[in-house]
Amino acid sequence: MLLDFEKTKELLKKYQIPLVESLIIENLEQGVEFANRVGFPVVLKLISSDILHKIDKGLVKLNVQNAQDVEIAFKELGSLKEEGAEFLLQKQVSGTELFFGMKRDKSFGPVVSFGLGGIFVEVLEDIAFGICPIEKEEAAEIIKSIKGRKILEGFRGQKGVDIDKLANILSSISKLAVENENIQEIDFNPAMASGSDIFIVDPKVIF
């Protein structure tokens, strides 16, 4: 079962895993206030424990640029809202899309994974794994072992990514997995990274 967003948010905060600025909103006024505070553009999503792939179902509105756009997106998603679903508003961030994950293996226990995120996880299958527990140094080696590491280092004018901070996040996921045996799977895809600015955008924790 998918852990609800507020509990997921608390879990990430406890393990110092950076989540993009996010807020569950109940009405349009809350949405506009949040967007004005964090700055445009923002992203509006419909989330629930039954929805794993929101974009595929048209439940994500990107590039919401102003208060009028917030209202339009709120109404459009409102027409699709089912019982139990919630509106989630997030600061929109850009950068390299990355993937962090964890699954429990019957033989090895919790295993963390890292790779390029978004559709690249399925297309390139360029993912590195580590058996928990892993410390920061081992996490850095796992991260550097992917074939696409040049993208992390900065490629053809693209800004590189802070490997040290990535390693902190991966080792924190390992710690989370070891200390919470009820959690069966973690899927943080995508995480957005630009320099030292690294944020989990779509956290899924399954127990």
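Every value quoted in this text rests on a predicted model; they were computed, and no experiment measured them.

A short note on the sheet that holds strand β2 (residues 42-47)
Whenever strands of a sheet pair, they do so through backbone hydrogen bonds, lying parallel or antiparallel. Taken in spatial order, the 4 strands of this open sheet run β1-β4-β2-β3, and their pairing is antiparallel. Whereas interior strands pair on both sides, the edge strands pair on one side only; in this sheet they are β1 (22-25) and β3 (60-64). Across the sheet, the axes of successive neighbouring strands diverge by a mean angle of 20 degrees, strand direction being ignored. Looking at chain direction, β2 and β3 are connected through 3 bridges and run antiparallel. The residue of β3 that forms the bridge with Val 42 is Val 64. Along the sheet, helix α2 (residues 28-38) makes contact with β1, β2 and β4 (86-91), crossing β4 at roughly 15 degrees.

Some words on helix α5 (residues 136-144)
If you check which residues of α5 are buried, you get Ala 139, Ala 140, Ile 142 and Ile 143. Mapping the buried residues of α5 onto a view down its axis gives an arc of 160 degrees, with all of them on the same face. Those residues of α5 that are exposed and angled more than 90 degrees off the buried face are Glu 137 and Glu 141. Contact partners of the buried residues in α5: β6 (109-116), β7 (127-131), α6 (149-153) and α7 (163-179).

What about the nonpolar core?
Core analysis: the largest hydrophobic core is formed by 42 residues, its most contacted members being Phe 100, Leu 152 and Leu 166. Counting only elements with at least two residues in this core, the list comes to α1 (5-14), β5 (96-105), β6, α5, α7, β8 (185-194) and β9 (197-200). The element best represented in this core is α7, accounting for 8 residues. Ignoring sequence-local partners within four residues, the contact set of Phe 100 consists of Ser 113, Phe 114, Leu 166, Ile 169, Leu 170, Ile 173, Ile 186, Asp 187, Phe 188, Ala 191 and Ile 200. By size, the runner-up hydrophobic cluster in this structure holds 18 residues, among which are Val 32, Val 38, Phe 74 and Leu 77.

Some thoughts on unusual backbone geometry
Cis geometry is adopted by the peptide bond preceding Pro 41, which originates at Phe 40 and carries an omega value of 0 degrees. With respect to the helices and strands, the residue Pro 41 is situated in the loop between α2 and β2. Its identity as a non-glycine residue notwithstanding, Gln 16 has a phi of 55 degrees, on the positive side. Counting through the fold element by element, Gln 16 comes out in the loop between α1 and β1. Within the chain, Asn 63 stands out as a residue other than glycine whose phi angle is a positive 55 degrees. Relative to the helices and strands, Asn 63 resides in strand β3. Judged by its relative accessible area of 44%, Asn 63 falls in the partly exposed class.

Observations regarding the packing of α5 against α7
At a minimum axis distance of 8 Å, the contact between α5 and α7 shows a crossing angle of 115 degrees. Relative to α7, the element α5 lies roughly perpendicular. The chirality of how α5 crosses α7 is right-handed. Listed contacts from α7 to Lys 136, Ala 139, Ala 140, Ile 142, Ile 143 and Lys 144 of α5 are Ile 163, Asp 164, Leu 166, Ala 167, Asn 168, Leu 170 and Ser 171. The residue inventory of the contact of α5 with α7, partitioned by class, reads 8 nonpolar, 2 polar and 3 charged.

Thoughts on the pattern of salt bridges
Inspection of the entire model under this criterion finds 6 salt bridges. In this structure, the salt-bridge partner of Arg 37 is Glu 21, at a minimum N-O distance of 3.6 Å. With Arg 37 in helix α2 and Glu 21 in the loop between α1 and β1, this pair connects stretches of sequence that are 16 residues apart. On the basis of relative accessible area, Arg 37 is assigned to the exposed category, the value being 58%.

Concerning the environment of Lys 175
Position of Lys 175 relative to the elements: it lies in helix α7. It is 8.0 Å that separates the C-alpha atoms of Lys 175 and Tyr 15, two residues lying 160 residues apart in sequence.

Conventions and cut-offs
Residues numbered from 1 in each chain as written. Predicted model: local features only at pLDDT ≥ 70, side-chain atom pairs only at ≥ 80, totals over all residues. Heavy atoms only, no water. Pairing = 2+ DSSP bridges. Helix = DSSP H or I, 4+ residues; strand = E, 2+ residues; numbered from the N terminus. Axes fitted to C-alpha atoms, helices over the stretch in contact; angles between N-to-C directions. Contact = heavy atoms within 4.5 Å. Buried < 20%, exposed > 50% of the residue type's maximum accessible area, 1.4 Å probe, protein only. Arc of directions from axis to C-beta. Core = buried A, V, L, I, M, F, W, Y, C linked by side-chain atoms within 4.5 Å. Parallel < 35°, antiparallel > 145°, perpendicular 65-115°, else oblique. Left-handed = near helix turned anticlockwise from the far one by under 90°. Nonpolar A, V, L, I, M, F, W, Y, C, P; charged D, E, K, R; others polar. Salt bridge = Lys/Arg side-chain N within 4 Å of Asp/Glu carboxyl O.

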